Structure formats: structure tokens, C-alpha cells
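Commentary on secondary and tertiary structure
The residues making up each chain are set out below.
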Amino acid sequence: MTPKGKRPAPRPAAPQQPQECPKRIVPMHGARRVAPAAAHLTYRGGPLLTAVEVVTAFWGSAWSTAPNATTAERLNEFFKFIVASDYVKQLAEYNTPEQTIGPGKFVATAVVTDTEPGATVSDGTIQQMIEAQVAAGALPAATANTLYFTFLPPGVTVDAGGDQSCRVFCGYHDRSAGGLYYAVMPHPDCAGCLGGLAAFDAMTSVSSHELAEAITDPVPGQGWYDDANGENADICAWQNKPLGGYQVQLLWSNKAGACV
């Protein structure tokens, strides 16, 4: 009880917790509006992947059998092409005084069969799988530019913080608890993740989306970012163009003020 005539001492304000940038996703087709004219990415001081080194991990024994094995081979050929293409070169507009974005390279691939993802797999479990495979030498050790692309076989749902693939998202990228940069590619098992494309074309579109974002914003929200609209590929989601015989997604260009 407070003595008469005296006011209670004010309670100290609760310390504000730093706001974590939400994981950036490839939304379901039709979930994004036309790129806003006011979109503009600003640099937040974090790292960039200046010479991206792509490693693909195809998780599950299903990737060892037809037709999935052929799809995996085709995806590896896509990455060999895209990392050294004009698609990556256009990201040079997001250089900083200390970091210059240049061509990357495709480093390695593996089909992971010592564990299986199951019908539903969490983001945390995917992180643990990647880190375990790196520790075992099945995947190469990370450099400052390594990006691990993890592909899930047909019929597997990815759960990321309660959001599920083919319900909320079609792919995403992030940094693992152990500090590895990674992207997650659920199989496009629904119309919302096909976007009117053939399955392989949808996979290259989503992969290009996450590749560009991981290069320019590998720790979501700490590289090039727009608080209202997200990363460079979020702004242009599901707007595609042909490049080198593949379907890739358009990317936001601050310089052009448009998706290019």
C-alpha cells in the first residue's frame, strides 16, 4: 500500500529487445503485389557474399532415383551457369566501398542419404543436417562466401517457425545457428509454388531468387534491405525472364528504379 499523499515510484521501463529481421521467403505465387515505385534498398553494414560459392545438398534417398536424380543433375548445371552469369554481375550495383560483388563458382554437391527428412521437417532440423554434413566432411567446410542450397524431395513439407511450404512460402534463406549461410528449397508440390511454370523452371526461378538475396543480404536485414518491401528479389517475386535457357527471377535495381 502507498502512504497517503505519496505517489508510487514509477516502474523502470522494460528493456527493449532488438528486433530480429524476419526470414525472407519466396511467397506463394500471387501473394505479392506489383513492385512499388517507392522501393529502395539501403545498406545496413553487414556482410555480402562477394564471390558466392554454391554447394548443393539433395536430402533424402529419393534424389538417387529417377526422375529426381536427373532433376538434381540439371539443377547443378543451372548453378554452374548462373553464378558466373550476367545475373550475378548485375548485382555489382550493390557493391560497398569495402565489398565488391563479382562472379561466383559452383563448388560441390552431395546426395544426403544417411538420414531422411521425413514427411515434415523443421528449419532447425535442416540447419542441424547441414552442419552435421559439414562436420563429417560430406559437404565442404564453409568460407566467407559459401552458400549451402538444400533441396527437399517431393512430398516433404518444410516448417519454418510455424509457417509451412506450399501454404506460406516456396523457399527461403538465412544464417544457421552455427553461422553457415544456407537456402532451403522445398519441392514445388503445389500450384502456388509452380507459378504457372513447369516444375524445373519453378525451381530455377526460386533458386535464383534466393541466390540473389543471399549474395546481397546473407544475414537477413543486415545487408541491402528495404524495411517496407524486403530484399532485392522479394520486391519482384514471381516476375521471371529467360536467361541461358533457364527461367530466373527479375531483381530490384535501385539504379533503374525497377525490376530488371
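The notes below deal with the structure included here. (Residues numbered from 1 in each chain as written. Predicted model: local features only at pLDDT ≥ 70, side-chain atom pairs only at ≥ 80, totals over all residues. Heavy atoms only, no water.)

**Observations concerning the state of the cysteines**
Counted by the stated rule, this structure contains three disulfides. Here Cys166 is linked by a disulfide to Cys190, with a sulfur-sulfur distance of 2.1 Å. As the torsion about the S-S bond is roughly -95 degrees, the Cys166-Cys190 disulfide counts as left-handed. A residue pair is termed long-range when its members are at least 10 positions apart, and Cys166 in the loop between strand E8 (163–164) and strand E9 (169–175) and Cys190 in the loop between strand E10 (181–185) and helix H4 (199–216) qualify at 24 residues. Here Cys170 engages in a disulfide with Cys193; their sulfurs sit 2.1 Å apart. Every disulfide takes its handedness from the sign of the S-S torsion; for Cys170 and Cys193 that torsion is -90 degrees, giving left-handed. Of the two residues, Cys170 is situated in strand E9 and Cys193 in the loop between E10 and H4; the sequence distance between them amounts to 23 residues. (Disulfide = S-S within 2.5 Å. Helix = DSSP H or I, 4+ residues; strand = E, 2+ residues; numbered from the N terminus.)

**Quick look at the pattern of salt bridges**
Side chains that differ in sign of charge can pair as their charged atoms come close. Under the counting rule described, the total for this entry stands at three salt bridges. Across the pair Lys89 and Asp86 runs a salt bridge whose closest N-O atoms are separated by 3.9 Å. Taken as a pair, Lys89 and Asp86 lie in helix H2 (residues 86–89) at a separation of three residues, close to a single helical turn. Judged by relative accessible area, Asp86 falls into the exposed class, the value being 52%. (Salt bridge = Lys/Arg side-chain N within 4 Å of Asp/Glu carboxyl O. Buried < 20%, exposed > 50% of the residue type's maximum accessible area, 1.4 Å probe, protein only.)

**Notes on unusual backbone geometry**
Omega for the bond connecting Ala66 with Pro67 falls within 30 degrees of zero, at 0 degrees, which places this linkage in the cis form. Topologically, Pro67 is positioned in the loop between strand E3 (53–59) and helix H1 (68–82). Positive phi, close to 65 degrees, is recorded for Cys166, a residue that is not glycine. Despite not being glycine, Trp238 shows a phi value in the positive range, around 70 degrees. Here Trp238 lies in the loop between strand E11 (224–225) and strand E12 (240–243).

**Quick notes on the pairing of E3**
For E3, a buried count of seven out of seven residues is recorded, marking the element as mostly surrounded by other parts of the structure. Judged by which residues are buried, E3 turns out to be covered on both faces: Glu53, Val55, Ala57 and Trp59 on one side and Val54, Thr56 and Phe58 on the other are all buried. Pairing of E3 with strand E4 (residues 105–112), which is carried by seven bridges, proceeds in the parallel orientation. When the bridges of E4 are listed, Ala57 appears paired with Ala110. In this sheet, strand E6 (residues 146–151) lies alongside E3 in parallel orientation, the contact comprising six bridges. Residue pairing for E6: Phe58 is matched across the bridge by Phe151. (Pairing = 2+ DSSP bridges.)

**Notes on the environment of Val156**
Looking at the element boundaries, Val156 is found in the loop between E6 and strand E7 (157–160). Judged by its relative accessible area of 8%, Val156 falls in the buried class. Considered as a pair, Val156 and Pro188 are 32 residues apart in the sequence and their alpha carbons are 9.9 Å apart. Leaving out residues up to four positions away in the same chain, Val156 has contacts with Pro117, Gly118, Ala119, Val121, Ser165 and Asp189. (Contact = heavy atoms within 4.5 Å.)

**Notes on H1**
If you check H1, its first and last C-alpha atoms are 21 Å apart, about what 15 residues at 1.5 Å a residue would give, namely 21 Å. What H1 keeps buried is the set Asn68, Thr71, Ala72, Leu75, Asn76, Phe78, Phe79 and Ile82. Along H1, the residues classed as buried sweep out an arc of 155 degrees about the axis, all on the same side. (Expected span 1.5 Å × (residues − 1). Arc of directions from axis to C-beta.)

**Topic: the sheet that holds E7**
Sheet strands pair via backbone hydrogen bonds, and the direction of the pair is either parallel or antiparallel. With respect to topology, three strands assemble into an open sheet ordered E5-E7-E8, the strand pairing being mixed. Both edges of this open sheet fall to strand E5 (120–122) and E8, since each of them pairs with a single strand only. On the sheet, helix H3 (residues 123–136) packs against E5 and E7 and is oriented at approximately 75 degrees with respect to E5. (Axes fitted to C-alpha atoms, helices over the stretch in contact; angles between N-to-C directions.)

**Observations concerning the sheet that holds E6**
A sheet is described by the order of its strands in space; here six strands give the open sequence E1-E9-E10-E6-E3-E4, paired in mixed fashion. The open sheet is flanked by strand E1 (25–27) and E4, the only strands paired with a single partner. Direction aside, the axes of adjacent strands within the sheet are offset by 15 degrees on average. Lying on the sheet, H1 is in contact with E3, E4 and E6; it crosses E3 at an angle near 170 degrees.

Functional significance is not addressed by these values, which are geometric in nature.
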